[in-house]
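Spelled out from the first residue to the last, the chains are:
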Amino acid sequence: MALRNIRTIGDEVLQKECKPVKEVTERIHELINDMLETMYEADGVGLAAPQVGILKRIVTIDVGEGPIVLINPEILETSGSQTGNEGCLSVPGKFGIVTRPDYAKVKAVNEDMEEFVLEGTGLLARAICHECDHLDGRLYVELVEGELEDVAAQDEEE
């Protein structure tokens, strides 16, 4: 396993649509392991493959309940809404207020290419939607209500 460089806003790779994974090769396994290690090292709750420069439809998420790997995720259903602070490892030091669904249902395949469905609410729903946006070349900054804020400013207020 190895840490990967996280691409930041302005990098063209973050604006591109990712290609589906056709088979899980040894390189894909290595990528997933590297993505998890990179996400944890950066204290993130999610990481999408384009954030490490790979245009594949792969997402890793951990909202505190253990790692989730979504390959070729497709959001099937969303409902409700939640508004709150959102940040991104590709937009370091910043956060913004974003409204997302409070419930998300996603279909994906696992590392054995077996299809499964995952449902989540709250932070997990937010993470699913945020990371799936990355796969289509969208960053959360497009959804921010108002201005991006500095994380340091938020820390000073608390």
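Residues numbered from 1 in each chain as written. Predicted model: local features only at pLDDT ≥ 70, side-chain atom pairs only at ≥ 80, totals over all residues. Heavy atoms only, no water.

Between side chains of opposite charge, pairing is possible as soon as their charged atoms come close. If you walk through the whole model with that rule in mind, you get ten salt bridges. Glu74 serves as the salt-bridge partner of Lys107, at 3.8 Å between the closest nitrogen and oxygen. Note that Lys107 is positioned in strand β6 (residues 103-109) and Glu74 in strand β3 (residues 68-79), a separation of 33 residues in sequence. Its relative accessible area of 41% is what places Glu74 among the partly exposed residues. Between Asp133 and Arg138 there is a salt bridge, and its shortest N-O distance comes to 2.8 Å. Taking the relative accessible area as the measure of exposure, Asp133 reaches 11% and is therefore buried. Several salt bridges share partner residues, and in doing so they unite Arg57, Glu86, Arg100, Arg126, Asp133, Asp136 and Arg138 into one network. (Salt bridge = Lys/Arg side-chain N within 4 Å of Asp/Glu carboxyl O. Helix = DSSP H or I, 4+ residues; strand = E, 2+ residues; numbered from the N terminus. Buried < 20%, exposed > 50% of the residue type's maximum accessible area, 1.4 Å probe, protein only.)

What follows concerns the sheet that holds β3. Read across the open sheet, the five strands follow the order β1-β2-β3-β6-β7; overall the sheet is antiparallel. Among the strands making up the open sheet, the edge pair consists of β1 (46-48) and β7 (115-121). The sheet shows a mean angle of 40 degrees between the axes of neighbouring strands, taken without regard to direction. Pairing of β6 with β7, which is carried by seven bridges, proceeds in the antiparallel orientation. What sits directly across from Ala108, in β7, is Phe116. Lying on the sheet, helix α1 (residues 26-41) is in contact with β1, β2 (58-61) and β3; it crosses β2 at an angle near 35 degrees. In the packing of helix α2 (residues 122-135) onto the sheet, contacts are made with β1, β2, β3, β6 and β7, and the angle to β7 comes to roughly 125 degrees. (Pairing = 2+ DSSP bridges. Axes fitted to C-alpha atoms, helices over the stretch in contact; angles between N-to-C directions. Contact = heavy atoms within 4.5 Å.)

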